[in-house]
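Spelled out, the chains give:
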Amino acid sequence: MKISVIGVGYLGAVHAAGMAELGHDVVGLDVDARRVRQLEAGRAPFHEPGFDETLRRGLDLGRLRFTTEYEDIAGADVHFLGLGTPQRADGFGADLASLHAAVDALAAVLPARDGSPTLVVGKSTVPAGTARGLAERLERIEGVRLLWNPEFLREGFAVGDTLEPDRVVYGVRDPEAADAEIRMLDTVYAPILDGGTPRLVMGYEAAELVKVSANAFLATKISFINAISELCEATGADVTDVSRALGMDDRIGSRFLRAGVGFGGGCLPKDIRAFIASAEDLGVGQSLGFLREVDAINQRRRVRVVELAREMLGPLRGRRITVLGAAFKPDSDDVRDSPALEVASRLMAAGAHVTVTDPEALKNARGHVEGLVTVEDTAEALRGAELVLLLTEWRRYRDLDPSVAAELVAAPRIIDGRAVLDPRTWRAAGWELRALGRPDAPARAGTQVETAGQPAADEPPAAHEPPAAHEPPAAHGRAAAASTAGPDPAAPLLSRG
Ligand SMILES: NC(=O)c1ccc[n+]([C@@H]2O[C@H](COP(=O)([O-])OP(=O)(O)OC[C@H]3O[C@@H](n4cnc5c(N)ncnc54)[C@H](O)[C@@H]3O)[C@@H](O)[C@H]2O)c1
């Protein structure tokens, strides 16, 4: 099938390469000419495990092209919309300007068709009601039909999630009268659906709500355990004990139940805010009032890390602090609303000399925070630090050897912002270790400390290679995505065997 993908950012570029992988003839379109040139040359514009290979395979097979011209996509059978929907500058709502601009530009080139329809398929995350509004405009063109097909991929696992999703959701104007368009999208996704992936058809608004509800639920779960973490700090309990025992309840589950510096990225924070704004616009603001607290708890954890730094160092002015991690999560170079970078910025504002290191995200980080000092090499970043903050749980930081790291720093002090280090091992190696929601001193006698070798709260007990926080290991045969960043020159020196 001839397919276009409009907007080839994190979502769209992976979707375009994924559709070529399924055997379709795909053109990706973006207004960012630099990004288009990079993709055409087979260079991924962002770090995403497995994406480079999928991109190059599509290009080599001649099934994948990129353009900046809407005329080049006019003849496609199916047009996917992968435009960004960031938070508006003037409030909580979603900024739909680029989505509307793309739909206008597409409508201007779409030919009228009889026979099989032309499908426009929205994948962006949007407030309920958006699809119906866009359908009013697009379906004035003979033969054009709009579906809303929200995307659930996770950065770091995007290729696997695109090709083997948990479920596929089709939002249509009228589920009883959409046979032709449903059949057509089924043809696009045939290899996925033939593999047994459930496909659910529902109205536009339900499809839009599934996506934002999923993100709101995940954000709530993270903030829930972070709220409990605050209780742990007040009582001396260890939040990892609480989350581990909680997660063993099948009704609760252990995923997204790791306390730490909280969620960030280009989706969860802006999606819950847009959801709040949308509920208020619909006159049911009270229903999602709790999401304001979810957001507030998440923000408080960032501030708490800075407070912990002050508790450990006293006044921060002039102190040398190293932040491990800049991306909002491991296996990604995305720094949008990154907790690590916000903490780094707050420390800088307090006068600290901050050095940030990350295997993939330093270029983006520099573009995000003015004056940020970055160092590629972990050992070099640690050298001379008076305090280390682990804020993005890349494998190389989880595996740091505390004895070797202690030799590099000026003073062995660390804040584990992701609850991934074993406090006993680190303290035994001479480190002063503080962690969100965990006791400062070793646990009291009689308390069972199950940390060494213990899988994190969001990981299945048998996981041999603990996956990144909030992410499962490669499940359902998805592409494995351990930390695939290039080797850190210091890794052999710093990693525990
Ligand atoms: N990134 C994720 O992990 C993820 C996962 C699920 C859903 N989503 C949703 O998918 C959407 C896209 O997210 P993203 O992270 O890929 O955003 P992004 O900012 O990385 O990509 C958007 C792309 O659209 C392009 N664009 C802007 N205006 C355009 C126009 N008029 N015509 C053509 N291209 C245009 C931009 O240049 C950019 O490359 C958002 O709604 C997001 O919430 C993202």
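Scoring rules and cut-offs
Residues numbered from 1 in each chain as written. Predicted model: local features only at pLDDT ≥ 70, side-chain atom pairs only at ≥ 80, totals over all residues. Helix = DSSP H or I, 4+ residues; strand = E, 2+ residues; numbered from the N terminus. Buried ≥ 20, exposed ≤ 12 C-beta atoms within 10 Å, placed from the backbone. Contact = placed C-beta atoms within 7 Å. pLDDT = per-residue confidence, 0-100. Axes fitted to C-alpha atoms, helices over the stretch in contact; angles between N-to-C directions. Parallel < 35°, antiparallel > 145°, perpendicular 65-115°, else oblique. Left-handed = near helix turned anticlockwise from the far one by under 90°. Nonpolar A, V, L, I, M, F, W, Y, C, P; charged D, E, K, R; others polar. Near = placed C-beta within 6 Å. Core = buried A, V, L, I, M, F, W, Y, C linked by C-beta atoms within 7 Å. Domains from an automatic or database assignment. Pairing = 2+ DSSP bridges.

Draft legend 1. Geometry of the overall build of the chain. Regarding its fold elements, the chain presents 19 helices and 14 strands. Out of the 497 residues belonging to the chain, those deemed buried represent 50%. In the chain, the share of contacts with a sequence separation of at least 24, taken over all contacts with a separation of at least 6, comes to 73%.

Draft legend 2. Quick peek at the confidence of the model for the chain. For the chain, the mean per-residue pLDDT works out to 90, and 89% of the residues sit at or above 70. Of the regions scoring below 50 in pLDDT, residues 443-492 engages in 94 contacts with residues more than four places distant in sequence or in other chains.

Draft legend 3. Region of the structure containing the packing of helix H11 (residues 268-281) against helix H12 (residues 290-313). Remark: H11 packs on H12, axes separated minimally by 9 Å, with the N-to-C direction vectors making an angle of 155°. Between H11 and H12, the crossing angle belongs to the class labelled roughly antiparallel. Like other packed secondary-structure pairs, H11 and H12 cross with a definite hand, here left-handed. Contacts from Ile272, Arg273, Phe275 and Ile276 of H11 reach H12 at Leu291, Arg292, Val294 and Asp295. Split into classes, the residues belonging to the contact of H11 with H12 amount to 5 nonpolar, no polar and 3 charged.

Draft legend 4. Region of interest: the site of the ligand. As a structural note, the neighbourhood of the ligand is formed by 26 residues, with Gly7, Gly9, Gly84, Ser98 and Ser124 the closest of them. Contributions of two or more residues to the shell around the ligand are made by helix H1 (10-21) and helix H4 (97-109). Partitioning the shell around the ligand into residue classes produces 11 nonpolar, 10 polar and 5 charged.

Draft legend 5. Summary view of the nonpolar core. Core analysis: the largest hydrophobic core is formed by 127 residues, its most contacted members being Val323, Val343 and Leu389. Counting contributing residues, this core receives three or more from each of domain 1 (2-197) and domain 2 (213-494). Residues within four places of leucine 389 in sequence aside, it is in contact with Val305, Ile321, Val323, Leu324, Val343, Ile415 and Gly417.

Draft legend 6. Geometry of the environment of cysteine 267. Looking at the element boundaries, cysteine 267 is found in the loop between helix H10 (239-247) and H11. Overall, the presence of 26 C-beta atoms within 10 Å leaves cysteine 267 in the buried class. For the pair cysteine 267 and threonine 85, spaced 182 residues apart in sequence, the C-alpha separation works out to 9.1 Å. Not counting residues up to four positions away in its chain, the partners in contact with cysteine 267 are Thr125 and Asn215.

Draft legend 7. Structural view of the sheet that holds strand E11 (residues 373-374). In spatial order, the strands read E11-E10-E9-E12-E13-E14; together these 6 strands make up an open sheet with parallel pairing. The two strands at the open ends of the sheet, each matched to only one other strand, are E11 and strand E14 (432-435). Pairing geometry for strand E10 (residues 353-357) and E11, over 2 bridges, is parallel. By the bridge assignment for E11, valine 356 is matched with threonine 374.

Draft legend 8. Structural context of the packing of H12 against helix H13 (residues 339-349). Contact pair H12 / H13: the axes reach a minimum separation of 9 Å and the direction vectors enclose 45°. For the element pair H12 / H13, the angle class is oblique. For the crossing formed where H12 meets H13, the hand is right-handed. On H13, the residues that touch Arg302, Val305, Val306 and Ala309 of H12 are Pro339, Glu342, Val343, Arg346 and Leu347.

Draft legend 9. Examining the environment of glycine 384 more closely. The topology assignment puts glycine 384 in the loop between helix H15 (378-382) and strand E12 (387-390). Among all residues touching glycine 384, those that are not within four sequence positions of it are Arg320 and Ala410.

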